[in-house]
Amino acid sequence: MLDIRSWGPLSRWLRRGDAGPVPPTWRTAPLGHLRTAQDYRAALGHAHIQISADAEGLLHRSEPGFAERKRTIDLATATVAELGFPDGARYADIRARARKLRLGFCPPEVGPALRLAYRDQPHGERLIVAMQMVGDPEDALVFSLDHDDDGLWLDVHDGHLDGFWRAEDVFVFVARPTRRKG
């Protein structure tokens, strides 16, 4: 069981109650540092991070969308319940709610880049990368970052819009600054 009360900025946001509709920035991910799927595969292997066959396939399909220049991207996390679905929700509903909260969908490169950067992931945690769709909608997949008894993983999960997610599932989004008034 995950104890979200110990997650730093998210914990402070939750304790304040309704501190605003957008969760705080959780961490950043470096993009554009590696140029190809093969570069990511090699870096993951060197870091002793496992990659599932499906994740490797999605990595290769994502390659045309990798950042051309080095940059960082701010990320936020939220459970399905925190997005307003205490009984779980379909991915289409999660995506629609994220848009209303001004949370963005991650470029596919966030999956492998964050996996390399987030090596201190707690055991038992799984993060789902809410990402832009890649390739065939019939084969919709999203990256996930898992830490289980076999170690750290870059894996995939169902990204179909009708896929159902539990209230405690945690998604990673692009954090967007709030608009200034006036």
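In this text the structure is predicted, and so the values were computed from the model without any measurement.

Side chains of a nonpolar character, in soluble globular proteins, are inclined to be buried together. Judged by nonpolar contacts, the single largest core of 54 residues is most densely connected at L75, I94, L114, F143, F171 and F173. For this core, the element with the highest residue contribution is strand β9 (residues 170-174), accounting for five residues. The residues touching F173, leaving out its near neighbours within four places in the chain, are D74, L75, A76, A78, L83, I94, A98, L103, G104, F105, C106 and A130.

The subject of this paragraph is the packing of helix α2 (residues 37-46) against helix α3 (residues 53-62). Closest axis-to-axis distance for the α2/α3 pair is 9 Å, and the angle between their directions is 145°. Here A37, Q38, Y40 and R41 of α2 come into contact with α3, specifically with E56, L59 and H60. Grouping the amino acids of the contact of α2 with α3 by side-chain chemistry returns three nonpolar, two polar and two charged.

Before going further, it helps to examine the pairing of strand β3 (residues 71-79). Bridge count between strand β1 (residues 27-31) and β3: five bridges; the pairing is antiparallel. Pairing of P30 across the sheet is with T72, part of β3. Relative to β9, β3 runs antiparallel, the two sharing five bridges. Pairing of T79 across the sheet is with V170, part of β9.

Residues at a pLDDT of 70 or more form 85% of the protein, whose mean pLDDT is 87. Across the protein, element-level confidence peaks in strand β5 (residues 126-129) with a mean pLDDT of 98 and bottoms out in helix α1 (residues 9-15) with 48. Note that residues 1-6 has pLDDT below 50 and, in this model, 10 contacts with residues that lie over four places away or in other chains.

In this structure, H48 takes a positive phi of about 60° despite not being glycine. Considering the arrangement of structural elements, one finds H48 in the loop between α2 and β2 (50-51). H48 gets classed as exposed once you look at its relative accessible area, which sits at 69%. At R102, a position not held by glycine, the phi torsion is positive, near 65°. Assignment of secondary structure puts R102 in the loop between α4 (91-100) and α5 (110-117). Judged by its relative accessible area of 24%, R102 falls in the partly exposed class.

Definitions and cut-offs
- Residues numbered from 1 in each chain as written.
- Predicted model: local features only at pLDDT ≥ 70, side-chain atom pairs only at ≥ 80, totals over all residues.
- Heavy atoms only, no water.
- Core = buried A, V, L, I, M, F, W, Y, C linked by side-chain atoms within 4.5 Å.
- Buried < 20%, exposed > 50% of the residue type's maximum accessible area, 1.4 Å probe, protein only.
- Helix = DSSP H or I, 4+ residues; strand = E, 2+ residues; numbered from the N terminus.
- Contact = heavy atoms within 4.5 Å.
- Axes fitted to C-alpha atoms, helices over the stretch in contact; angles between N-to-C directions.
- Nonpolar A, V, L, I, M, F, W, Y, C, P; charged D, E, K, R; others polar.
- Pairing = 2+ DSSP bridges.
- pLDDT = per-residue confidence, 0-100.

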